[in-house]
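Now for the letters of each chain:
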Amino acid sequence: MKTKRKLVTLIAAAIVTFWLSDVNPTRAQEEPPLCAEASTVVYFGNGVFTTQQKAVIGKQKLRNALQAALPEEEFSRLRFDLAVNQTGCSEGRVHCLKDLYETIKQDIQTDVSLFFLILARLVPMPESFQDAFKELAAAFDASVAVSNPDVARHVAAYNANIDAGRKVVVVSHSQGNFFANQSFPLVIKNESFGIVSVANPDSFVGGGGSYTTIDEDIVINFIADITGNPLPSNLSNGILILLSEPLGHGFNEVYLKGGTASRGKIIGDVVNTIDSLVDPNAEIGSGIITVTLTWGAEPDVDLHVFEPNGAHVYYANLNGPSGFLDRDDITSFGPENYFVDCATLETGSYSVGVNYFFGNNPETATVRMRAGLLDRTFFQFLAAAVGPAGDNSPIPVAVITVTGSQEEGFVFTIN
Amino acid sequence: MKRWTALALAGFIMALIVIAVPAQAKPKIIWQPKKISDEVIRGTSRTITVTFEASARLEHLTVRVVPELQAFLTVAPSSFVEVTSGIPVSIDLLINVPSETPTGVYDGTVQVRSGMGQNSPTLARPLPIEITVVASLPDGLPPDPGDEGKQTLEGIDSDQDGIRDDVQRFIALEFPDSEATRSALTQYALAFQEALIDADSKEASLTHATAVMRAIECIFVIRTEEDAEDIAEEFVSVVVNTEERLDAYLTHDRQLGGEIFPGAIPGDEESSCAFDLSSQAG
């Protein structure tokens, strides 16, 4: 069993391996794709009935539609990430889909496979299923996103991207709009941050962004009847859409379905939003590894990185053989920022820590790390400032491990 | 001039009548799934259940198999006294391939006809059927574990390759003609199985979710958007097929809330595939 798990782990590791050296000889002189800079990051934010796997499909459909809509040069400057929202419909329950299954399982003879085929709209959706879906969706309101730590994690990534000179657009579907709307006022330079809302159950779009709700969306219409909150529908896909998707609500199955009016409008809204956002100045650098520290109103928290070569990079030693601390902040909030270029990446461990240098009250550090195609945000509570005494023993936050080689590709983990 | 105006007005009213009276439109049949593509071994039989919905209430329907498929395909039931609009109706497709049947691909349709007679009209649209008759199963495919394979979260993996036997069989039998699709789904299956087993661990769930994301991106590299979406969705229904697996899957998914998952770099999405795409057919 151990051998098998090891094999599986190796294969799993292999698929998060990314070649820094381009295997295509015709592009050998170009920058490795993973090191290429994006000018805009498009996030997809899911609703509560959307699993991460379904959200990946949504992200891919967004990507495909934008590829078809944009010139190659513009498309190549986009990046597509997922901002996964929580999927618990009620306190202490595992998942909204579990609630849905419990409600209708007698009708489908506890056939779990059938449950997923219905969710995928590959099998017609029984009326009891539709009713349960609507009821559960209506029970979920904006209060769940208020002060939710999930929002803070997403905002840390949005802010770091904007500080690095990238625009950020969030395409949010259904209840994902509650989280995106909560994010908007927390993004520091929100003139470079836009929301494109789809099937919005909320009464507004953060920042006045555009939205698409089709007349045939039975779920939003149901919520509107109960709460009166949702913005009015503003488009029709035609009633034929209801033959294959009776709720008229799915992001993948309805709103981004090929050939629909809604797909065209949403993609147009994304393009227009990108064009309308202010191009942010890059105030911090970014590379194959980027670590960004932010905190609250206390004056000084410091970022420390111990590189694989043994170098300790911090405010008193900004340059390491591998990376560079390009921003040291002593006037509250941050950011402090460390990054490693593709050319100077080393294998081994990059140990990241923080030291609460100066302040009068407890503080919380937010440390966002991006390594290869991994993106994690950690929160670290800091009880009291310790001054320079903490410089040699910062509080550990996480370790970025790099294995592999330039020729065979590098593997990243963050733990 | 007045005459032309009257004619135009009459035409406009006629157009309105046509638009406003959809009941006069021909009733349509919507099948789920939209097509059947299956591989069957000579000398074996199997049953596939499909459903259809009618766009209007219909009486005295017959379900007919075209001659090209009649040698080994029958349907049950094959007639309906009444079908209500919007209510799915189930039909079993019984495939029984005699051992002397030549191997190959057999194309045809199953039609719903209005009326009982031989010449009764066919309602749009028929269900496309493609049956590939093969001489034997692909080499090394484990036996169907049946219900025994549903007794535990891990299931049965008799050849210890990290993939449940039922999932391995699905991949091999559903996609016999596309090596690349089989490789992508194998990649997906490995990550998915680990996600189910490690669902209680947040750290492990994040790692496996990243691997799952790469696998789905890989499927989109290989297949058209519509195909990739259907394949990835159907695959979930194959892997998550018991309540224990449902709980594990949703526990895993719950661990991912609030996290960011970077997508593959545009222009380099082939790197999401954990195998050499250029060496694989299909």
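Definitions and limits used
- Residues numbered from 1 in each chain as written.
- Chains lettered and ligands numbered in written order.
- Predicted model: local features only at pLDDT ≥ 70, side-chain atom pairs only at ≥ 80, totals over all residues.
- Pairing = 2+ DSSP bridges.
- Helix = DSSP H or I, 4+ residues; strand = E, 2+ residues; numbered from the N terminus.
- Contact = placed C-beta atoms within 7 Å.
- Axes fitted to C-alpha atoms, helices over the stretch in contact; angles between N-to-C directions.
- Buried ≥ 20, exposed ≤ 12 C-beta atoms within 10 Å, placed from the backbone.
- Core = buried A, V, L, I, M, F, W, Y, C linked by C-beta atoms within 7 Å.
- Domains from an automatic or database assignment.
- Nonpolar A, V, L, I, M, F, W, Y, C, P; charged D, E, K, R; others polar.

Moving on: the sheet that holds strand β3 (residues 78-83) of chain A. Read from one edge to the other, the open sheet built from 6 strands follows the order β6(A)-β5(A)-β4(A)-β2(A)-β3(A)-β10(B), with strand pairing classed as mixed. Two strands lie at the open edges of the sheet, namely β6 (211-212) of chain A together with β10 (260-262) of chain B, each paired on one side alone. Of the pairings in the sheet, the one linking strand β5 (residues 193-198) of chain A to β6(A) comprises 2 bridges and is parallel in character. The partner of S197(A) across the bridge, within β6(A), is Y211(A). Relative to the sheet, helix α8 (residues 176-183) of chain A contacts β2 (40-45), β4 (167-173) and β5 of chain A, its axis offset from that of β4(A) by approximately 150°.

Residue and element names in this part refer to chain A. Along β2, 6 of the 6 residues are buried, which leaves the element largely enclosed by surrounding structure. Side chains T40, V42 and F44 project from β2 onto one buried face, and the interleaved V41, Y43 and G45 project onto a second face that is buried too. Bridging between β2 and β4 involves 6 bridges; their strand directions are parallel. Each residue of the ladder has a partner; that of G45, found in β4, is S172.

Next up on the list: the nonpolar core. By size, the foremost hydrophobic cluster in this structure holds 116 residues, and its most contacted members are V171(A), Y188(B), V212(B), I216(B) and I219(B). Beyond its immediate stretch of four places on either side in the chain, I219(B) contacts A184(B), A228(B), I231(B) and A232(B). Residues I288(A), Y350(A), A398(A) and F412(A) belong to the second largest nonpolar core, which totals 33 residues.

Residue and element names in this part refer to chain A. When the domains of chain A are assigned, the result is domain 1 (39-282) and domain 2 (289-414). Of note, the centres of domain 1 and domain 2, computed from C-alpha atoms alone, are 33 Å apart. Looking at the side of domain 1 that touches domain 2 residue by residue, the class counts come to 4 nonpolar, 1 polar and 2 charged.

Okay, unusual backbone geometry next. Put simply, A76(B) and P77(B) share a cis peptide bond, and its omega is -5°. In this chain, A124(B) is followed by R125(B) through a cis amide linkage whose omega measures 0°. Of note, R121(A) is a non-glycine position whose phi angle comes to about 60°, a positive value. Tracing the sequence through the fold places R121(A) in the loop between α5 (112-119) and α6 (127-138).

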